[in-house]
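These are the residues of each chain, in order.
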Amino acid sequence: MTKKLEDQLQNSQQDPRTTEELAQNQVQSANTSEALNVPISKGTDLNLQQILQERQKSQGQQQPYAWAQVSTDFPMPRGYQMRHNGVYVDTGKGGWKFVCQPMGIVKRYKDAVTSKEFYWIEYMDTAQNEGRYLEVSSSIFSRTGVDKLLVRGLFFPSSGKNRLVDYLSRQKGLLDPLWVYSDVGWEQLSRLTIQADTQDVNPNKTAFLGATRISRDKEKGINDGLKYNLNPSGSYEDWMKMYDEEVSGNIPLEFGVVLGLSAVLVPVLTKWNPDFRNLFCHIVGQSSTGKTTVAALAVSVAGKPTSNAQGLLHTWSSTQAALTILLNGNYGIPVVLDELSMMSPKVDLTSLVYQLSDGTEKSRATQSAELKQERSWSTTIISTGELKLTDRINSNDGLLVRVLEVIGTQFTASAEQSERIKQAVSKNYGWVEPAFVDRIQRMSLEDLHERYKKAVVLVSEELAASRFKTRLASKIAVLPLTAMLANKFFGWSIVPQKLVEFIVENTNEDWATPVGQRALDALIPYLISHQRDIKVGKGDADVTSHLIGSMRLEGEVIVINILKQELMDAFKQLGFQDTATVLSQWQDDGTLKSEKDRKTRRVEIDGKRQTTYPIRISKAYLDQFYKLKTSMTDPEDLFNDVDF
């Protein structure tokens, strides 16, 4: 039941009379034309709006009846007639019999998941002199179920239940069901986890679920609005005017619009790139850079760009479970997670980012110990914050390539421009993405694939060499592809080459640095700050109780023998989980001084044989390892570690 309906029902006053008294009194009044103060026009079919207008006119009321939620022009089954004082049925013997007060089914809905139907009945509240509506289930199509209408203030003869059930049942049959869905984006018929070999999106054949169902077929549907407000507001023209005046020619702002529209293409590209499930973009900047403005601009293409009333802006303060519930069933609507600093420090952010980018919720068991059906999502997720996301998650290669991090960009030229954009998108939203989808659905899959391959080449030419270059190019390519298509559909003039250059110049390129090098770069400052815990030669008495290893000079390098567990603890503290890959890269590039068949070395430290990792560091760091440098007054003592 919709919240609006719940509010209406809660505010309505319940009649203190019993249902039998209510029915008897109302039927008695309904049998006379005085019930509505207007003459009965026998033989003329009316609708509820006409009845109310005539009643208001007869009573000298100036305010016309208006109700935008449903149509009052509902169909009448053959043999039934709507009159001023109620619905009548043809007796077949030259007469008409009263069925109920003026009412009828105006909407027939069908849940897309359960296939259960529910209906909206519109009726005239004679006491309040206004039209109302009521949501009911299929139980009203029975003699016992139809009694539920009495307690809601509707009336009909107790002896005429069969006539009312027949009227409502036949009227329902005249209405095509309108599907109601909670999922959004490209329709997933199986509603299971997307797999590239079973859940391919073909825009020619797949419907897109926005505020309404967009498809090449005639089947209609609407979104239930419980998670996302996708209903267009304002006008398409005013949004485009804002784009022309504020966005066009401004690469950072064009990037924001493209980022929002890319959500449509992400699930489609999974067909050719199974590893690409979600585009996760984190925008880093201070409050004056316009990062929240560009995020609101991005999602305004699809729906309400606010953090209230089911808007598409949410905060990082939500729990991990709440975020997965928010994203479940989203296959093409952009979503914003605003201000990373609001995330609770208790949340495992590394695990959360993995889950959000992979697009599947955690497996859970039912009460009968069976695995629940996994829900999934595939879309564009936009995060904002004053802090780098990559500084708060582990530095694994696999995680870094999942996050596109835009750092230190000034999106808006001034606070005034930012305010103009926010004002415009707060009033005009939800128009551009449906138009974009409609045009995408007219393209052939082959044409889309060829354009995608060209976009991949464009990105590849700009990226630095790394073992992740191909993987990243295939992901980032969704952005220039979106720009190319938007130019074609809307007559925009975004330059794809400049867009890619902007992305490469303003994004975190940690992914281009091997994880072994990143780990060494992080470990050296760690060792410098902990050098009091490192023994220098046998004569070193200035060592704390927390011994982490020993160090000595070997020609032009400093060799630090780190105790095995101490290095693992350092990796954990520094955010490196993939220790095996780090050690393998160190062994390959000579950072790890060890034999080919093993990475560790047994040395004597402080009179005990210890298993260590021998790390080689450039002598250029000698000035920072002040303990080692000052110990050079006794050079012979620097080489007293004994290999076994």
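Residues numbered from 1 in each chain as written. Predicted model: local features only at pLDDT ≥ 70, side-chain atom pairs only at ≥ 80, totals over all residues. Heavy atoms only, no water.

K.L.:
Before we go on, may I ask you to explain the pairing of strand β22 (residues 608-618) in this structure?
P.N.:
Remember that side chains alternate between the two faces of the sheet whenever the strand is regular. Bridge count for strand β20 (residues 557-563) against β22 is seven bridges, and the pairing is antiparallel. Within the sheet, the bridge partner assigned to Val557 lies in β22 and is Ser618. The sheet contact formed by strand β21 (residues 601-605) and β22 spans five bridges and is antiparallel. From the neighbouring strand, Arg601 faces β22, where its bridge partner is Thr612. (Pairing = 2+ DSSP bridges. Helix = DSSP H or I, 4+ residues; strand = E, 2+ residues; numbered from the N terminus.)

K.L.:
What is the right way to read helix α13 (residues 415-427) from this model?
P.N.:
Side chains three or four residues apart in an α-helix point the same way, a direct result of the helix having 3.6 residues per turn. Here α13 is 13 residues long and its end C-alpha atoms lie 19 Å apart, about the 18 Å a rise of 1.5 Å per residue gives. For α13, every residue scored as buried is listed here: Gln417, Ser418, Ile421, Ala424 and Val425. All buried residues of α13 lie within an arc of 135° about the axis, which places them on one face of the element. In this structure, α13 carries Ala415, Glu416 and Lys427 as exposed residues pointing more than 90 degrees from its buried face. Each element contacted by the buried residues of α13 is listed here: α6 (236-247), α7 (251-261) and α9 (291-299). (Expected span 1.5 Å × (residues − 1). Buried < 20%, exposed > 50% of the residue type's maximum accessible area, 1.4 Å probe, protein only. Arc of directions from axis to C-beta. Contact = heavy atoms within 4.5 Å.)

K.L.:
Where do I start with the pattern of salt bridges in this structure?
P.N.:
Once their charged atoms are close, side chains differing in charge can pair, the charge on each being opposite to the other. Within this structure, the stated rule accounts for 15 salt bridges. Where Arg216 meets Asp438, a salt bridge forms, and the shortest distance between an N and an O atom there is 2.7 Å. One end of the pair, Arg216, is in the loop between β10 (213-214) and β11 (221-223); the other, Asp438, is in helix α14 (residues 432-440), with 222 residues separating them in the sequence. In this structure Arg216 comes out as partly exposed when scored by relative accessible area, which is 45%. (Salt bridge = Lys/Arg side-chain N within 4 Å of Asp/Glu carboxyl O.)

K.L.:
Hey, could you run me through the nonpolar core in this one?
P.N.:
Generally speaking, soluble globular proteins have nonpolar side chains that are buried together. Judged by nonpolar contacts, the single largest core of 101 residues is most densely connected at Trp239, Phe255, Trp316, Phe436, Leu479 and Trp492. With eight residues, the top contributor of residues to this core is helix α17 (residues 478-490). If near-sequence neighbours (up to four positions away) are discounted, Phe436 is found in contact with Leu261, Val264, Leu265, Thr482, Leu485, Ala486, Phe489 and Phe490. Core analysis: the second largest hydrophobic core is formed by 32 residues, Met103, Ile105, Trp120 and Ile140 among them. (Core = buried A, V, L, I, M, F, W, Y, C linked by side-chain atoms within 4.5 Å.)

K.L.:
Would you explain the sheet that holds strand β6 (residues 130-137) in this entry?
P.N.:
Strand pairing in a sheet relies on backbone hydrogen bonds. The paired strands run either parallel or antiparallel. Reading across from one edge, β6-β5-β4-β7-β11 is the order of the five strands in this open sheet, with mixed pairing throughout. The strands lining the two open edges of the sheet, one partner per strand, are β6 and β11. Direction aside, the axes of adjacent strands within the sheet are offset by 30° on average. The strands that helix α5 (residues 161-173) touches are β4 (103-111) and β5 (117-125); relative to β4, the one it contacts most, it runs at about 55°. (Axes fitted to C-alpha atoms, helices over the stretch in contact; angles between N-to-C directions.)

The values are spatial; any link to function lies outside them.
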